[in-house]
Amino acid sequence: MSLDRFAPAIFVFLWSTGWIVAKYATMHSGPFTFLIIRYSLSALAFVLFCAISGAKWPRDWSSVFRAIYSGMFLHGIYLCCLWWAISKGVPAGIAGIIAALQPLMTAMAAPYLVGERLQPVQRLGLLLGFVGIAIAISPKLLGSDTASLWQSAIPLGVNLLAMVSVTYGTLYQKRHLQTGDLRTIATLQYVGALIVTVPLALMFEDLHFDGTHEAILAVIWSVFGLSMGAVGLLLYLIRRGQVSRAASLIYLMPPAVAIEAAIAFGEPLTLPIIIGTLIVVTGVYLTNRRTADVVPE
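If you're wondering where the values come from, they're calculated on a predicted model, not measured in any experiment. By convention here, each chain's residues receive numbers from 1 onward along its written sequence. Selection of residues for local features in this predicted model requires a pLDDT of at least 70, selection of side-chain atom pairs for listing and counting requires 80 or more, and totals for whole chains, interfaces and linings are taken over all residues. The basis for every side-chain value is the complete set of non-hydrogen atoms in the structure, without hydrogens or water.

Chemist: Where do I start with the overall build of the protein chain in this structure?
Modeler: Comment: elements are numbered from the N terminus, with helices defined as DSSP H or I runs of at least four residues and strands as E runs of at least two. Summing up its helical and strand segments, the protein chain has 13 helices and zero strands in all. Ordered by position in the sequence, the α and β elements of the protein chain form the string α-α-α-α-α-α-α-α-α-α-α-α-α. For each residue, the accessible area found with a 1.4 Å probe, counting protein chains only, is set against the maximum for its type, and the residue is called buried under 20%, exposed over 50%, and partly exposed in between. Counting all 297 residues of the protein chain, 52% fall into the buried class. Should any heavy atoms of two residues lie within 4.5 Å, those residues are considered in contact. Considering only residue pairs separated by 6 or more positions, the protein chain has 91% of its internal contacts joining residues 24 or more positions apart.

Chemist: Please explain the confidence of the model for the protein chain as it appears in this structure.
Modeler: Detail in the predicted coordinates should be disregarded across regions flagged by low pLDDT. Note: pLDDT gives the predictor's confidence per residue, expressed from 0 to 100. Mean pLDDT over the protein chain stands at 81; residues scoring 70 or higher make up 82%. Below pLDDT 50 for its whole length, residues 291-297 participates in 37 contacts with residues either more than four positions away or in separate chains.

Chemist: Help me understand the packing of helix H4 (residues 61-87) against helix H9 (residues 182-204) in this model?
Modeler: To characterise two packed helices, one gives the angle between the axes of the helices and the distance between these axes. For the pair H4 and H9, interaxial distance at closest approach is 6 Å and the crossing angle is 50°. Classed by the angle they form, the pair H4 and H9 counts as oblique. In terms of crossing hand, the pair formed by H4 and H9 is right-handed. Touching Val64, Ala67, Ile68, Ser70, Gly71, Met72, Leu74, His75, Gly76, Ile77 and Cys80 of H4 are Ile185, Leu188, Gln189, Tyr190, Val191, Gly192, Ala193, Ile195, Val196, Thr197 and Leu200, all from H9. Residue polarity is assigned by list, with Asp, Glu, Lys and Arg as charged and Ala, Val, Leu, Ile, Met, Phe, Trp, Tyr, Cys and Pro as nonpolar; anything else, Gly included, falls into the polar class. Its residues placed into classes, the contact of H4 with H9 shows 15 nonpolar, seven polar and no charged. Axis definition: a line fitted to C-alpha atoms, over the contacting stretch in the case of helices. Angles run 0 to 180 degrees between N-to-C directions. Note that the term roughly parallel is reserved for angles under 35 degrees, roughly antiparallel for angles over 145, roughly perpendicular for angles of 65 to 115, and oblique for everything else. Here is the rule for handedness: rotate from the far helix to the near one, and if that takes an anticlockwise turn smaller than a right angle the crossing is left-handed, while a clockwise turn gives right-handed.

Chemist: Looking at this structure, how should I read the environment of phenylalanine 11?
Modeler: Turning to its location among the elements, phenylalanine 11 is positioned in helix H1 (residues 2-16). We classify phenylalanine 11 as buried; its relative accessible area is 0%. On a C-alpha basis, the gap between phenylalanine 11 and valine 231 in space is 8.2 Å, while along the polypeptide they are 220 residues apart.

Chemist: Looking at this structure, I do not really get a nonpolar patch on the surface. What am I missing?
Modeler: Here the term patch refers to residues with relative accessible area over 30% and no salt bridge, with like charges joined within 9 Å and nonpolar side chains (Val, Leu, Ile, Met, Phe, Trp, Tyr) within 5 Å. Exposure was quantified through the Shrake-Rupley algorithm and a 1.4 Å probe, taking into account, for residues, occlusion by the shown protein chains and nothing else. The working definition used for a salt bridge is a side-chain nitrogen of Lys or Arg within 4 Å of a carboxyl oxygen of Asp or Glu. A surface patch of nonpolar side chains, about 490 Å² in accessible area, is lined by Ile259, Ile263, Leu269, Ile274 and Leu278. The set of elements that each furnish at least two residues to the nonpolar patch consists of helix H12 (253-265) and helix H13 (271-288). Within the secondary structure layout, isoleucine 259 lies in helix H12.

Chemist: Would you mind showing me how to read helix H5 (residues 92-99) here?
Modeler: Every α-helical turn comprises 3.6 residues, leaving residues that sit three or four positions apart pointing alike. Summarising burial for H5: eight of the eight residues are buried, a large majority. Of all the positions in H5, only Ala92, Gly93, Ile94, Ala95, Gly96, Ile97, Ile98 and Ala99 are classed as buried.

Chemist: It is not clear to me how the nonpolar core should be interpreted in this structure. Could you clarify?
Modeler: The nonpolar side chains of a soluble globular protein tend to be buried, and buried together. Counting 68 residues, the largest nonpolar core has Trp19, Tyr78, Leu82 and Trp83 as its most contacted members. Tallying contributions element by element places helix H10 (residues 213-240) first for this core, with ten residues. Apart from the residues within four sequence positions on either side, leucine 82 is in contact with Trp19, Ala95, Asn159 and Ala162. Val64, Ile68, Leu177 and Leu188 belong to the second-largest nonpolar core, a separate cluster that totals six residues. For our purposes a nonpolar core is just a set of buried Ala, Val, Leu, Ile, Met, Phe, Trp, Tyr and Cys residues, chained together by side-chain atoms within 4.5 Å.

Chemist: Any chance you could explain unusual backbone geometry here in plain terms?
Modeler: The general pattern is negative phi for most residues beyond glycine and trans for most peptide bonds. Even without being a glycine, leucine 207 presents a positive backbone phi close to 60°. Mapping leucine 207 onto the fold places it in the loop between H9 and H10.

Chemist: I'm lost on the environment of arginine 183 in this one. Help?
Modeler: Inspection of the secondary structure puts arginine 183 in helix H9. In this structure, the C-alpha to C-alpha distance between arginine 183 and serine 53, residues 130 residues apart in sequence, is 9.2 Å. Among residues more than four places away in sequence, those in contact with arginine 183 are Phe46, Phe49, Cys50, Ser53, Gly54 and Ala55. Side-chain atoms alone can form a polar contact between residues adjacent in sequence; in general such a contact is a pair of N or O atoms within 3.5 Å, and within protein one must be able to donate a hydrogen while the other accepts it. Within the structure, the side chain of arginine 183 is placed 2.6 Å from the side chain of aspartate 181, a separation counted as a polar contact.

Here's what the structure looks like:
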């Protein structure tokens, strides 16, 4: 019962640090290369954890495929797009605000995938969420000339694609992976993540990792704080049906990331970012306060 009570808040705190880690990681490695290291070590750590704890592996190939397939979207495409966008100049604070689109997208997709109907106040929340995002990123777009506009728009578009991917991944997880051992499912999901990430790193990067103590610390936190801690809690929340609690706390994510980015990297808390964040927070709150099956990210 105590874990049920505190898991959503712990999850939101752990997950909010992911954008900060992404910014640090891209200073020391290519984004795809770093993710290969993270996913490989995470998969190894989960294999050891499964062996020690006696986790049960799936007995049929369809369950194995579903776990791997969900990991391709929930981790692979999602983080590849997000970390690439940050490496190309999307501020961590703005990326954190865009992350608030995930529960909004989930609410939009729910009527078609799980038969939920949106209330008028939830529709208003969706509209406010997108307006807030537009306000937050407007200086980055409007303050650019035509050439740099495309340079800004493409990473932002890829960042949005990351939210689409994780939305699909969480809905697929909720629909098709409600049984089975979460420990082995998490392990197989990192195999799916590697299937996406390894080809991208081989095609677009030189597999450079500088091995500094900052980079090593970023790897350690990525594996144990994020891949095992935050992701493990996410899977637990989905399985336990506690996702509504997590969703009610997701409105803390954008301001948390913006403040963390300001402290860690000196990213300015400009008036459009503050106003946009407040509007996004309001939109996500209105969208989720009557929703039972929205998962944050």
